[in-house]
Amino acid sequence: MRLPIVGALLGTLTLYGCKVGPNYKAPTVPAPPAYTESGHNGNWSSATPADGVDRGNWWTIYQDKELDELEQRCTTANQSIAAGLHAYEQAHDLVRENKSSLYPTVSIGASGSRNRISNNRPLRPANASQYYWDFLIPLNVSWEPDLWGGVRRQIESSSANAQASAADLANTRLSLQGLLVVSYFQLRGLDLQAQLLRTTIDTYAETLKLTEDRLRGGLSTDSDVQQAKAQLEATRAQLIDLGVQRAQYEHAIAVLVGEAATGFHISERALDGDPPSVPTGIPSELLQRRPDIAAAERRVAATNALIGVAKSAYYPTITLGATGSIESTQISSLFNSSSTQWNSGPSASEILFDAGRRKAQVDYAVAQREQATALYREQVLSAFRDVEDQLSALRVLEQEAAVQQRAVAAAKRSTELSTLRYKRGLAPYLEVLTNQTIELSDERTAAALIAQRIVASAQLQMALGGGWNSIQLPRN
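These numbers come from a predicted model, not from an experiment. (Residues numbered from 1 in each chain as written. Predicted model: local features only at pLDDT ≥ 70, side-chain atom pairs only at ≥ 80, totals over all residues. Heavy atoms only, no water.)

Chemist: Sorry, what's going on with the overall build of the protein here?
Modeler: Across its full length, the protein holds nine helices and five strands. Each helix and strand of the protein, placed in order from N terminus to C terminus, yields the pattern α-α-α-β-β-β-α-α-α-α-β-β-α-α. Compactness check: the protein gives a C-alpha radius of gyration of 38 Å against a globular reference of 23 Å for 476 residues, more than 25% above the reference. Based on the C-alpha atoms only, the size of the protein along its principal axes is roughly 140 × 55 × 45 Å. Here the protein holds 476 residues, and 40% of them are scored as buried. Of the contacts formed within the protein by residues at least 6 apart in sequence, a portion of 83% connects residues at least 24 apart. Total accessible area on the protein stands at roughly 25800 Å², and carbon and sulfur atoms take up 56% of it. For the protein, the distance from the average site of its 45 positive side-chain charges to the average site of its 49 negative ones is 8 Å. (Helix = DSSP H or I, 4+ residues; strand = E, 2+ residues; numbered from the N terminus. Rg over C-alpha atoms; globule rule 2.2 N^0.38 Å. Buried < 20%, exposed > 50% of the residue type's maximum accessible area, 1.4 Å probe, protein only. Contact = heavy atoms within 4.5 Å. Areas by Shrake-Rupley, 256 points an atom, 1.4 Å probe, with all protein chains shown as cover. Lys, Arg positive; Asp, Glu negative; His and termini not counted. Charge placed at Lys NZ, Arg CZ, Asp CG, Glu CD.)

Pasting the structure below:
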């Protein structure tokens, strides 16, 4: 009766007893009260046009149904996301494995053997049978109570690692979703430039016809015609060159949505409009909204728990064990009460000398925690930098776009005036050619800025963590 009582007491100590090692406290990182860029400190609830948008599907702020459909395919079919999911499953299974160490191990077996006793065996009874059967069913119970919390600290560590793996999965998903948004809008930006080049080609074709008509009328030279042809063909070559870049973005998107690039196609549609307003909130919220920060913080918790695991080795190991079996020479009497045998009792052991091995293990665990803490703080600083980078990019690109539009307007007016002067014979064709070249260059720059601004807004949302929040971490 004493063994169950002792077991119950040790079990109580296992569940509610001491846990050696430091209890976890999250590292502190000072956050600025607001971001440097003014006008970007709003929250989700007050921002427009983001009202009512599902924060998890952060790309829906762009109101592009085709992008929404591609993102859905990316979430369900991307192989990197699938690999990240299986990595989390492995980490979760390790938590289950560690939790099993809190409970006794029970094993049972069975054997039956035919035996022969040597006639020359020492002290062999004269009337003993030379042959006999031996039937045995053993039952073994072994339990090492977690008196010092080593197992529970190991569970803490593996649970934190599993949460870090879940945050890694969220970060992989966010990165790939963001890469898809960026690739999609860069492709749409190329479509805008292609539309511009086609319009320009039509204009240049009309200019070529004008020079040919003037040549026939003796008002122009063959050199003017050849220059107009060269300009037209060079612009057609630019349009063809866009096809190479577009195909590459198209193929990249195919991989992101889990499809073969062969046969994958996205219909052409020019990008237009300004990027939507992206609310940032306050900097301190970033610590909960970035999955990479959450992963780094959880790894600090995991390494902190390993200090307790290492320190538990300083304390005695106590094991409760019981072995019982039924054994008989005849199977018919195997299950009789007279065939039972058993023994039970505790055992304890303590290391008296290990030449500093346990101290080295504790020091190693402490160094691991300090390393993880430094990496966590570095990740936080990098996150603030990412947000500030994109806020600055949005501000600068907006200013640049406004200036570039004025340049486009001036270039258009200059081209109109020089063309009119050329038609009246007051200006050489070289003046028209120069102004048209400047106009096309300015227009392509303006078109590229439209894509850059939308891409910067997408990268800002990624820097802010998309719609993710640390409360989404699983509880293992």
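Here the narrative resumes, following the displayed structure.
Chemist: What am I meant to see in the packing of aromatic side chains here?
Modeler: Any pair of aromatic rings gets described here by the distance separating the centres and the angle formed by the planes. Within this structure, the stated rule accounts for six aromatic pairs. Look at W58 and W59: their rings are 5.9 Å apart centre to centre, the planes differ by 75°, and that puts the pair in the edge-to-face class. Here W58 and W59 have matching classes, each one buried. Taking the centre distance of 5.5 Å and the plane angle of 70° together, the rings of Y184 and F185 count as edge-to-face. For the pair shown, Y184 and F185 are each scored as buried. An aromatic cluster of three or more residues is present, and its members are Y62, Y184 and F185. (Phe/Tyr/Trp six-rings, centres within 6.5 Å; stacked < 30°, edge-to-face > 60°.)

Chemist: What's the story with the environment of R424 in this structure? I'm lost.
Modeler: Within the secondary structure, R424 is located in the loop between helix 8 (357-423) and helix 9 (429-463). For R424, a relative accessible area of 60% puts it in the exposed group.

Chemist: I keep staring at the pattern of salt bridges and nothing clicks. Help me out?
Modeler: Working definition: two side chains of opposite charge can pair if their charged atoms are close together. Taken as a whole, this structure holds 30 salt bridges when the rule is applied. As a salt-bridge pair, E233 and R236 come within 2.7 Å of each other at their nearest N and O atoms. Of this pair, E233 and R236 both sit in helix 5 (residues 222-256), separated by three residues, roughly a single helical turn. Looking at R236, the relative accessible area reads 35%, which means it is partly exposed. A salt bridge links R290 to D292; the nearest nitrogen and oxygen atoms lie 2.8 Å apart. Residue R290 is classed as buried on the basis of its relative accessible area of 6%. Beyond isolated ion pairs, a larger network of salt bridges with shared partners links D64, E66, R188, D191, R246, E250 and R269. (Salt bridge = Lys/Arg side-chain N within 4 Å of Asp/Glu carboxyl O.)

Chemist: Help me out: how do you make sense of the side chain of N304 in this one?
Modeler: Topologically, N304 is positioned in helix 7 (residues 291-311). Its relative accessible area of 4% is what places N304 among the buried residues. Those residues within four positions of N304 in sequence are excluded, and the remaining contacts are P22, N23, Y24 and R369.

Chemist: Can you help me understand the confidence of the model for the protein in this one?
Modeler: Note: predicted coordinates in regions of low pLDDT should not be interpreted at a detailed level. On average, residues of the protein carry a pLDDT of 89, and 93% of them reach 70 or more. Summarising per-element confidence for the protein, the mean pLDDT is lowest in helix 1 (residues 2-16) (55) and highest in helix 7 (96). Across residues 40-54, where pLDDT falls below 50, the model places 31 contacts with residues more than four positions away in sequence or in other chains. (pLDDT = per-residue confidence, 0-100.)

Chemist: I keep staring at the environment of E250 and nothing clicks. Help me out?
Modeler: With respect to the helices and strands, the residue E250 is situated in helix 5. Along the primary structure E250 and Y184 are separated by 66 residues, whereas in three dimensions their C-alpha atoms are 8.1 Å apart. What E250 contacts, discounting residues up to four positions off in sequence, is L187, F264, H265 and I266.

Chemist: When you look at unusual backbone geometry in this model, what are you seeing that I'm missing?
Modeler: The phi torsion of most residues other than glycine is negative, and most of the peptide bonds are trans. The backbone of Q63 shows a phi angle near 55°, a positive value even though the residue is not glycine. Positionally, Q63 belongs in the loop between helix 1 and helix 2 (65-77). Even without a glycine there, the phi angle at A355 is positive, about 60°. Mapped onto the secondary structure, A355 falls in the loop between strand 5 (340-349) and helix 8.

Chemist: Hey, could you run me through the packing of helix 8 against helix 9 in this one?
Modeler: Packed helices, taken two at a time, are described by their axes: the angle between them and the distance between them. For the pair helix 8 and helix 9, the least separation of the axes is 8 Å and the interaxial angle reads 160°. In terms of orientation, helix 8 and helix 9 fall into the roughly antiparallel class. The two elements helix 8 and helix 9 cross, and the hand of that crossing is left-handed. (Axes fitted to C-alpha atoms, helices over the stretch in contact; angles between N-to-C directions. Parallel < 35°, antiparallel > 145°, perpendicular 65-115°, else oblique. Left-handed = near helix turned anticlockwise from the far one by under 90°.)

Chemist: I would appreciate a short explanation of the packing of helix 5 against helix 9 in the present structure.
Modeler: Here helix 5 crosses helix 9 at 15°, and the two axes come no closer than 10 Å. By the angle between their axes, helix 5 is roughly parallel relative to helix 9. For the pair helix 5 and helix 9, the sense of crossing is right-handed. Counting all contacts with helix 5, which are made through D224, Q227, A228, Q231, T235, Q238 and L242, the residues of helix 9 involved are Y429, L433, Q436, T437, L440 and R444.

Chemist: Help me out: how do you make sense of helix 4 (residues 150-216) in this one?
Modeler: Side chains that are three or four residues apart share a direction in an α-helix, a result of its 3.6 residues per turn. Its 67 residues place the ends of helix 4 97 Å apart at the C-alpha level, agreeing with the 99 Å of an ideal helix rising 1.5 Å per residue. After helix 4 finishes, the residue G218 shows a positive phi value of roughly 75°. (Expected span 1.5 Å × (residues − 1).)

Chemist: When you look at a nonpolar patch on the surface in this model, what are you seeing that I'm missing?
Modeler: Among the surface-exposed residues, V106, I108, L139 and V141 lie close enough to one another that they form a single nonpolar patch of about 360 Å² accessible area. By the secondary structure assignment, L139 is in strand 3 (residues 131-143). (Patch = residues over 30% accessible without salt bridge, like charges linked within 9 Å, V, L, I, M, F, W, Y side chains within 5 Å.)

Chemist: How should I be thinking about the nonpolar core in this particular structure?
Modeler: Burial of nonpolar side chains together is a common tendency in soluble globular proteins. Y62, L70, V181, F185 and I253 are the most contacted members of the largest nonpolar core, which has 28 residues in total. If near-sequence neighbours (up to four positions away) are discounted, L70 is found in contact with L180, Y184, I253, V257, F264 and I266. Ranked by size, the runner-up nonpolar core spans 23 residues in total, among them Y35, L287, A456 and L460. (Core = buried A, V, L, I, M, F, W, Y, C linked by side-chain atoms within 4.5 Å.)

Chemist: Even after reading the chapter, I still don't get helix 5, so can you show me in this structure?
Modeler: For helix 5, with 35 residues, the first-to-last C-alpha span of 52 Å sits near the 51 Å given by 1.5 Å per residue. Listing the buried residues of helix 5 in full gives D224, V225, A228, Q231, L232, T235, L242, R246, E250, I253, A254 and L256.

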